[in-house]
Amino acid sequence: MLLLALDTATPAVTVALHDGRDVIASSSQVDARRHGELLLPAIDRVLAEAGVRLDAVTGVVAGTGPGPYTGLRVGLMTADTFGLALGVPVHGVCTLDGLAYAADLDSPFVVATDARRKEVYWARYADSRTRVTDPAVDRPADIAEQVEGLPAIGAGALLYPDTFPKAHEPEHVSAAALARLAAEKLAAGEELPAPRPLYLRRPDAQVPKNYKVVTPK
């Protein structure tokens, strides 16, 4: 097994390689505006660090969000393209699940990432491997009662200490955690879904008002 894992659902552009035993190379850069510029060079660096060629990869793991439309689609399209070109399966893992796995907690907690617009993408967990609610997007104040008293991880939690007073790192997801989680599930015989984006709201970009359609004569 040689899994190539990547995630662009948060400001982190993160890539890792897992050889079936553990992560053998990884890279993470935080830049919310340059996912498209940073992802492929990061993949090249990770492959070079591990001393393997891209055609040695036997599977691709992609973080499926939730996340902003533009950043998230960069990773998912790259994963699908590599899977098609290499003829290998592409597996989807919820980005929040990757953060939860990295937290390594055995009691209830919350994961919250920054959704912009003064909102967070969030979900509750029984432990680091068990999500108990579907991912959602809300204003922190609107979910205060649902998360009261729970530890919280992720950039969204760190941004809103009034709602998440027990917030702590990790701040962003790492592809290393995604790769370890996916490898664990696959080794246990679990079938991972194809990577389908978790878009929980409409994209920020909008068609301008009074847009005029010109029909060629």
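Described in the following lines is the structure provided in the data block. Residue indices follow the written sequence of each chain, beginning from 1 at its first position. In keeping with the model being predicted, local features are shown solely for residues with a pLDDT of at least 70 and side-chain atom pairs are shown and tallied solely at 80 or more, while totals for entire chains, interfaces and linings include all residues. Only hydrogens and water are set aside; all other atoms, that is, all heavy atoms of the structure, feed into the side-chain values.

### A word on empty space enclosed by the protein
Test applied: The distinction between a cavity and a pocket rests on a 1 Å grid over the protein atoms alone: a 1.4 Å probe fits inside a cavity but cannot get out, while a pocket stays open yet meets protein on both sides within 12 Å along at least five of seven lines, and a residue with an atom within 4 Å of a point counts as lining. Grid points are joined across faces, edges and corners, and a volume is the space filled by probe spheres set on the points. Throughout this entry, Asp, Glu, Lys and Arg are counted as charged residues, while Ala, Val, Leu, Ile, Met, Phe, Trp, Tyr, Cys and Pro are counted as nonpolar. The remaining residues, Gly among them, count as polar.
All told, the structure shown has one cavity of 30 Å³ or more when counted by the stated rule. Reported here for the largest cavity is a volume of approximately 30 Å³. Around the largest cavity sit Ala 9, Thr 10, Pro 11, Thr 113, Asp 114, Ala 155 and His 172, which together line it. Grouping the constituent residues of the lining of the largest cavity by class yields three nonpolar, three polar and one charged.

### A closer look at unusual backbone geometry
Test applied: The secondary structure listing takes helices from DSSP runs of H or I that are at least 4 residues long and strands from runs of E that are at least 2 residues long, numbered from the N terminus. For every residue, the accessible area (1.4 Å probe, protein chains only) is compared with the maximum for its type, and the residue is labelled buried under 20%, exposed over 50%, or partly exposed between those bounds.
Along the chain, Gly 65 connects to Pro 66 via a cis peptide bond; the corresponding omega equals 10°. The residue Pro 66 is located in the loop between β4 (59–63) and α2 (69–86) in this model. For the bond from Glu 169 to Pro 170, the omega torsion is 10°, close enough to zero to count as cis. Its place among the elements puts Pro 170 in the loop between β11 (167–168) and α6 (175–187). One non-glycine residue, Arg 116, lies in positive phi territory at about 65°. Here Arg 116 lies in the loop between β6 (109–114) and β7 (120–127). Phi is positive for Lys 118, which is not a glycine, with a value near 60°. Within the fold, Lys 118 resides in the loop between β6 and β7. On the accessibility criterion, Lys 118 (60% relative accessible area) is exposed.

### A short note on the packing of helix α3 (residues 95–103) against α6
The test is simple: Between N-to-C directions, angles span 0 to 180 degrees; the directions come from axes that are lines fitted to C-alpha atoms, helices contributing only their stretch in contact. For classification purposes, an angle smaller than 35 degrees is called roughly parallel, one larger than 145 roughly antiparallel, one from 65 to 115 roughly perpendicular, and anything else oblique. Note on contacts: a residue pair is in contact if any heavy atoms of the two residues lie within 4.5 Å.
Viewed as axis vectors pointing N to C, α3 and α6 meet at an angle of 90°, and their least axial separation amounts to 8 Å. Of the possible angle classes, the one that applies to α3 and α6 is roughly perpendicular. The residues of α6 that touch α3, namely those facing Asp 97, Gly 98, Tyr 101 and Ala 102, are Ala 177, Leu 178, Arg 180, Leu 181 and Glu 184. Among the residues making up the contact of α3 with α6, the classes are represented as five nonpolar, one polar and three charged.

Remember that the coordinates give geometry; whether it matters functionally is a separate question.
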